[in-house]
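Examining the three-dimensional arrangement
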Amino acid sequence: MLFSPEVEAARAAGAPIVALESTIITHGMPYPQNRETAEAVEDVIRNEGAVPATIAVIDGALHIGLTDAQLEALAQAPDVLKLSRADMAAAMAMGRTGATTVAATMIAARMAGIAVFATGGIGGVHRGVAETLDISADLLELAQTPVSVVAAGPKAILDIEKTLEVLETNGVPVIGYGVDHLPAFWSRDSGLPAPIRMDTPAQIAQAHQMRAAMGLPGGQLIANPIPVADEIPAHVIGPIIEDALADAEAEHVTGKAVTPFLLQRIFERTSGHSLTANIALVKNNARLAAQIAAALSAP
Ligand code: PSU
Ligand code: MN
């Protein structure tokens, strides 16, 4: 495990650190917006007084925090693997380069002693699960790895109701931040109630600590709604998602390829509006994550 100089210094000083995933860079956004976003998100965290730790596997080494040069190289690299719990260790053993999903980033964060992680959206139960059994490893990671993950809610490409059921069965608290309804990534309201509502970073930090004190395994999912100005309302994004899902089925896209395929199609069909929204919500999540990290490290 290799720490960037910035993260190393933060660890030594006991400063708040926020983990960031890298699949969003390599498989979630096109170049150069992916690199620009990654840097902007890191800056949001720095401006809140915390230190960003973007996580990736580079030539077999697990990096906690990337330099600007490493970030730039990753953003442009062809054939970067998408690493989840199942393949992270294998990629390291083989000396490969891979981006970490939410699940893999949580694993790395726990190893590095980082309690808070910001991303855009988590994986979940895919629609048509009865046929495909496609349930993201992200959900099972939340059940066992003690990291608080700030996301903008499950994406509407998923079956949100079933995603909530799996999280509940696995004992994962799903916390709507300042909202009674669960947000749905591009939209502020999924139409479903948020299982728990909290209104301050301090409450979220306290609940994280309480779980640890109780010896409960697993993390928390904090669902932070996209800012009003950047929202794509459900009635606009809904039909576009339906089309993208139909394309995926027609083209027999399966497994790991499903999420990146759908995001790309939705990007094309919204003339890039989905990307603008995605960037805004990741920054918004980074801000909240930094505030939670600060509350956790407050004496
Ligand atoms: N949601 C996004 N963009 C992404 C992802 C999710 O808005 O890039 C990525 C995350 O890394 C997440 C992964 O962990 O997709 C989930 O993939 P899967 O459904 O194959 O588990
Ligand atoms: Mn999947």
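Residues numbered from 1 in each chain as written. Chains lettered and ligands numbered in written order. Predicted model: local features only at pLDDT ≥ 70, side-chain atom pairs only at ≥ 80, totals over all residues. Heavy atoms only, no water.

A few words on the overall build of the protein. Looking only at helices and strands, one finds 13 helices and eleven strands in the protein. In terms of overall size, the protein behaves like a compact globule, its C-alpha atoms giving a radius of gyration of 18 Å where 299 residues would be expected to give roughly 19 Å. Split into buried and exposed, the 299 residues of the protein put 54% on the buried side. The contacts of the protein with a sequence gap of at least 6 include a subset with a gap of at least 24, amounting to 73%. Total accessible area computed for the protein in this model is approximately 12,300 Å², and 56% of it derives from carbon and sulfur atoms. (Helix = DSSP H or I, 4+ residues; strand = E, 2+ residues; numbered from the N terminus. Rg over C-alpha atoms; globule rule 2.2 N^0.38 Å. Buried < 20%, exposed > 50% of the residue type's maximum accessible area, 1.4 Å probe, protein only. Contact = heavy atoms within 4.5 Å. Areas by Shrake-Rupley, 256 points an atom, 1.4 Å probe, with all protein chains shown as cover.)

With numbering matched to this structure, UniProt assigns "binding site: substrate" (unreviewed entry) to Lys82, Val102, Ser136, Ala137 and Asp138. Their sequence span is 57 residues, while the largest C-alpha to C-alpha distance among them is just 12.9 Å; these annotated residues converge on one region. Mapped onto the elements of the fold, serine 136 is located in the loop between helix H7 (129–132) and helix H8 (137–144). The residues contacting serine 136, other than those within four sequence positions of it, are Gly123 and Gly124. (UniProt positions renumbered as here; feature names shortened; annotations may be inferred.)

This part takes up unusual backbone geometry. For residues that are not glycine, phi is negative in most cases, and the peptide bond is trans in most cases. The step from tyrosine 31 to proline 32 runs through a cis peptide bond, and the omega angle for that step is 5°. Positive phi, normally seen in glycine, also occurs at aspartate 59, with a value near 50°. By the element assignment, aspartate 59 lies in the loop between strand E3 (51–58) and strand E4 (61–64). Given a relative accessible area of 59%, aspartate 59 falls into the exposed group.

Of the residues in the protein, 100% reach a pLDDT of 70 or more, and the chain-wide mean stands at 96. Predicted as a complex, the structure gets a pTM of 0.97 and an ipTM equal to 0.96. (pLDDT = per-residue confidence, 0-100.)

All right, on to the nonpolar core then. Val18, Trp186, Ile266 and Ile292 are the most contacted members of the largest nonpolar core, which has 59 residues in total. In terms of residue count, helix H13 (residues 273–297) provides more of this core than any other element does, twelve residues in total. Every residue in contact with isoleucine 266, bar those within four places of it in the chain, is listed here: Ile157, Trp186, Ile237, Ile240, Ile241, Ala244 and Ser274. Grouped together as the second largest cluster of nonpolar side chains are 41 residues, Ile122, Ala151, Leu164 and Leu221 included. (Core = buried A, V, L, I, M, F, W, Y, C linked by side-chain atoms within 4.5 Å.)

So, about the packing of aromatic side chains. Within a pair of aromatic rings, the relevant descriptors are the distance that separates the centres and the angle that separates the planes. Considering all chains together, one arrives at one aromatic pair under this definition. Aromatic side chains phenylalanine 185 and tryptophan 186 sit 4.8 Å apart centroid to centroid with 90° between the ring planes, which places their arrangement in the edge-to-face category. When sorted by exposure, phenylalanine 185 lands in the same class as tryptophan 186, which is buried. Across from the ring centre of phenylalanine 3, 3.9 Å away, lies the NZ or CZ of arginine 11, which sits over that ring. (Phe/Tyr/Trp six-rings, centres within 6.5 Å; stacked < 30°, edge-to-face > 60°. Lys NZ or Arg CZ within 6 Å of the ring centre and 35° of its normal.)

Our focus in this paragraph is the site of ligand 1. Near ligand 1 there are 16 residues, and of these Glu21, Lys82, Ser136, Asp138 and Lys155 occur at the shortest range. In this structure, an oxygen atom belonging to ligand 1 sits 3.0 Å away from a side-chain N or O atom of threonine 259. Burial of ligand 1 by the surrounding chains reaches 94%, relative to a free accessible area of 470 Å². Elements supplying a minimum of two residues to the shell around ligand 1: helix H2 (23–26) and helix H12 (258–269). Considered class by class, the residues forming the shell around ligand 1 number four nonpolar, eight polar and four charged. (Near = heavy atom within 4 Å. Polar contact = N/O pair within 3.5 Å; in protein donor to acceptor, adjacent residues only side chain to side chain. Nonpolar A, V, L, I, M, F, W, Y, C, P; charged D, E, K, R; others polar.)

What follows covers the pairing of strand E8 (residues 148–151). Burial along E8 is two-sided: the face carrying Ser148 and Val150 and the face carrying Val149 and Ala151 are both buried. Pairing of strand E7 (residues 116–118) with E8, which is carried by three bridges, proceeds in the parallel orientation. Looking across to E8, one finds that alanine 118 is bridged to valine 150. Sheet analysis places E8 next to strand E11 (residues 220–223), joined by four bridges and oriented parallel. Residue pairing in the sheet places valine 149 in a bridge with leucine 221 of E11. (Pairing = 2+ DSSP bridges.)

Attention now goes to the packing of helix H10 (residues 201–214) against H13. Running from N to C, H10 and H13 point in directions that differ by 60°, and their axes come no closer than 8 Å. As summarised for this structure, H10 and H13 are arranged oblique, according to the angle between their axes. As for how H10 packs across H13, the hand of that crossing is right-handed. Here Pro201, Ala202, Ile204, Ala205, His208 and Gln209 of H10 lie close against H13, whose contacting residues are Leu288, Gln291, Ile292, Ala295 and Leu296. When grouped by side-chain class, the residues that make up the contact of H10 with H13 number eight nonpolar, three polar and no charged. (Axes fitted to C-alpha atoms, helices over the stretch in contact; angles between N-to-C directions. Parallel < 35°, antiparallel > 145°, perpendicular 65-115°, else oblique. Left-handed = near helix turned anticlockwise from the far one by under 90°.)

What UniProt calls "binding site: Mn(2+)" (unreviewed entry) maps, in this numbering, to Asp134. Summarising the element assignment, aspartate 134 is placed in the loop between H7 and H8. The contact partners of aspartate 134, leaving out residues within four places of it in the chain, are Gly124, Val125, His126, Val129, Gly255 and Val258.

Attention now goes to the pairing of E11. The side chains of a regular strand alternate between the sheet's two faces. Burial of E11 is two-sided: the residues Gln220 and Ile222 facing one way and the residues Leu221 and Ala223 facing the other way are all buried. Bridge analysis of strand E9 (residues 174–177) against E11 gives three bridges, and the strand direction is parallel. For valine 174, the partnering residue across the bridge sits in E11 and is leucine 221.

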